[in-house]
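Overview (structure and organization)
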Amino acid sequence: MDNRPIGVFDSGLGGLTVFKEIADQLPHESLVYFGDSGRAPYGTKSRDTVIKYTLQDIRFLMTHDIKMIVIACNTMSAHSYEFVRRNHDLPIIEVIGAGAVAAVAETRNKKVGIIGTPATVNSGAYQKAINKLDDSIEIYQKACPLFVPLVEEGQEWWENDITYNIAKEYLAPLKQTGVDTLVLGCTHYPLLKNTISKVMGEGVTLVSSAFEVARVVKRIISDKNMQRDPRLTPTYHYYTSDSVEKFEPLCSAILGRTINSAKKVDIEEY
Ligand code: DGL
């Protein structure tokens, strides 16, 4: 038994899509979330900067005596996971392996599209992870750098005409390839799923890693006997590096319940 919380973090709001799934699948676990909205997006930054930010985010979460780290961000998973894994003793979960498993299970015509930040797409991490599972799958990738700022801008942007037109522009080449599965290779993108789905059409299944990641977390907690005492009430703490006033309503919308206890962190101190 281990009553310490699980630390979940992202460059901003996107990781809350993973947080939600973990809270749903592991209702007895306590969670601490950090979203670095003050420095998002990460996906247009250099590898060195992404690694530096990842380490600061983890140092902050470690002050909460966490038992496990979930990197709820594809960009950090692609660039920092190996580095972080080598330098920490805690179990560390990334999201790309889980997304790849979900995509391989879903595709029927073995044509898979990947959308993500420029950093994730350029890393080739999804291609490697999917082809390691099944090398006959054809992969088509497209970076969508404007999607993260649109999500961070607020809910009114997630399904409006401007976002729809941007999505149409980004996704047109992928539509032409005939993919039957599209991996939302950025944890912010499930928040745009109605818009993306409208552009791609009914024949294309959208896959995100959140469900699969939560399953991995559950399996590791059980294998390592790290469950929190189910008689205790779980606690949830939320931190952002930007304005709490902006974070709380968006966090509430994503999680489907009112969050009014978020705190601001000066992440540069870590
Ligand atoms: N949610 C992050 C990801 O999955 C977004 C990275 C960014 O801030 O650009 O890649």
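First, a word on what this report is: a plain description of the structure on this page. (Residues numbered from 1 in each chain as written. Predicted model: local features only at pLDDT ≥ 70, side-chain atom pairs only at ≥ 80, totals over all residues. Heavy atoms only, no water.)

1. A word on the overall build of the protein
Spelled out, the test is: Helix and strand labels come from DSSP, where a helix needs a run of H or I of at least four residues and a strand needs a run of E of at least two; each type is numbered from the N terminus. It is over C-alpha atoms that the radius of gyration is taken, and the globule rule equals 2.2 Å times the number of residues to the power 0.38. Think of it in three bands: residues with accessible area under 20% of the maximum for their type are buried, residues over 50% are exposed, and the middle band is partly exposed, with areas taken using a 1.4 Å probe on protein chains only. Throughout, a contact is declared for two residues whenever any of their heavy atoms are within 4.5 Å. Under the counting rule used here, the positive set is Lys and Arg, the negative set is Asp and Glu, and His together with the chain ends is not counted. All charge positions are set by atom: Lys at NZ, Arg at CZ, Asp at CG, Glu at CD.
Helices and strands together make up the secondary structure of the protein, namely 11 helices and 10 strands. Its C-alpha atoms give the protein a radius of gyration of 18 Å, near enough to 18 Å, the size a compact globule of 270 residues would have. Within the span of the protein, comprising 270 residues, buried residues form 58% of the whole. Of the contacts made within the protein by residues no fewer than 6 positions apart, 77% connect residues no fewer than 24 positions apart. Both charge centroids of the protein, one from 30 positive and one from 33 negative side chains, sit 3 Å from each other.

2. Looking at the side chain of His79
Among the secondary structure elements, His79 is positioned in helix α3 (residues 74-87). Of the residues examined, His79 reaches a relative accessible area of 14% and is grouped as buried. In this view, His79 contacts Arg47, Val50, Ile51, Ala119 and Ser123; residues no more than four positions away in its chain are not counted.

3. Remarks on the layout of surface pockets
Rule in force here: Only protein atoms enter the 1 Å grid used here, on which a cavity is any set of points holding a 1.4 Å probe that cannot leave and a pocket is any open set flanked by protein within 12 Å on both sides along at least five of seven lines; residues with an atom within 4 Å of a point are listed as lining. Grid points are joined across faces, edges and corners, and a volume is the space filled by probe spheres set on the points. Under the convention adopted here, Pro, Cys and the residues Ala, Val, Leu, Ile, Met, Phe, Trp and Tyr are nonpolar, Asp, Glu, Lys and Arg are charged, and Gly plus all remaining residues are polar.
Of the pockets and cavities examined, the largest pocket occupies roughly 590 Å³. Residue lining of the largest pocket: 23 residues in total, with Tyr81, Glu82, Glu94, Ile96 and Gly97 positioned closest to the centre. Elements with a contribution of two residues or more to the lining of the largest pocket: α3, β4 (92-93), α4 (96-106), α6 (125-133) and α10 (210-223). No other element matches the eight residues that α3 contributes to the lining of the largest pocket. Here the residues of the lining of the largest pocket are counted per class, giving 11 nonpolar, five polar and seven charged.

4. Brief notes about the site of the ligand
Selection criterion: The nearness test applies per residue and asks whether one of its heavy atoms lies within 4 Å of the molecule or strand. Any pair of nitrogen or oxygen atoms within 3.5 Å is treated as a polar contact; in protein, a donor-acceptor pairing is required on top of that, and neighbouring residues in sequence qualify only through side-chain atoms on both sides. Note on areas: Shrake-Rupley with a 1.4 Å probe; residue coverage comes only from the protein chains shown.
What surrounds the ligand is a group of 13 residues, the closest being Ser11, Tyr42, Gly43, Thr75 and Thr187. Side-chain polar atom of Thr187 to a nitrogen atom of the ligand: 2.7 Å apart, as the coordinates give it. Contact with the protein chains removes 99% of the 300 Å² of surface that the ligand exposes when unbound.

5. Points about unusual backbone geometry
The omega angle of the peptide bond from Ala40 to Pro41 is 0 degrees, so this bond is cis rather than trans. By the secondary structure assignment, Pro41 is in the loop between β2 (31-35) and α2 (47-62). Residues other than glycine seldom take positive phi values, yet Asp65 does so here, at roughly 50 degrees. With respect to the secondary-structure elements, Asp65 resides in the loop between α2 and β3 (68-71).

6. What to know about helix α8 (residues 161-177)
Note the threshold: Expected span of a helix: the number of residues minus one, times 1.5 Å. Two axes are fitted around each residue, one to the seven residues ending there and one to the seven starting there, and the angle between them is reported as the bend at that residue.
For α8, which comprises 17 residues, the first-to-last C-alpha distance of 24 Å matches the rise-based estimate of 24 Å (1.5 Å per residue) to within 8%. At Leu171, α8 shows its largest bend, some 50 degrees, and a proline, Pro173, comes one to four positions later. Looking at the buried residues of α8, the elements they touch are β5 (111-116), β6 (138-143), α7 (147-153), β7 (181-184) and α9 (193-200). With a side-chain oxygen lying 3.2 Å from the backbone nitrogen of Ile162, the N-terminal cap of α8 falls on Asn160. Just past α8, the residue Gly178 takes up positive phi, approximately 80 degrees.

7. Some thoughts on the sheet that holds strand β9 (residues 236-240)
Condition: Any two strands with at least two DSSP bridges between them are considered paired. Structural elements are reduced to axes, namely lines fitted to C-alpha atoms, with helices fitted over the stretch in contact, and the angle between N-to-C directions of any two is expressed from 0 to 180 degrees.
Read across the sheet, six strands follow the order β4-β3-β1-β2-β9-β10 without closing on themselves; strand pairing throughout is parallel. Looking at the sheet topology across the chains shown, the edges are occupied by β4 and β10 (263-264). Sitting on the sheet, helix α1 (residues 16-25) touches β1 (6-10), β2, β3 and β9, and the angle it makes with β2 is about 170 degrees. The sheet strands contacting α10 are β1, β3 and β4, and the helix crosses β3 at an angle near 165 degrees.

8. Examining the packing of aromatic side chains
For the record, the criterion: Only rings of Phe, Tyr and Trp enter the pairing, Trp through its six-membered ring, and a pair is recorded when the two centres are within 6.5 Å. The plane angle decides the type: under 30 degrees is stacked, over 60 is edge-to-face, the rest tilted.
All chains considered together, the criterion is met by nine aromatic pairs. Between Phe60 and Tyr239, the ring centres sit 5.0 Å apart and the planes meet at 75 degrees, which makes this aromatic pair edge-to-face. Taken together, the positions of Phe60 in helix α2 and Tyr239 in strand β9 put the pair 179 residues apart, joining distant regions of the chain. A relative accessible area of 3% means that Phe60 is categorised as buried. With centroids separated by 5.2 Å and ring planes inclined at 85 degrees, the aromatic side chains of Phe147 and Tyr189 adopt a geometry described as edge-to-face. One end of the pair, Phe147, is in helix α7; the other, Tyr189, is in the loop between β7 and α9, and 42 residues separate them in sequence. The class of Phe147 is buried, set by a relative accessible area of 0%.

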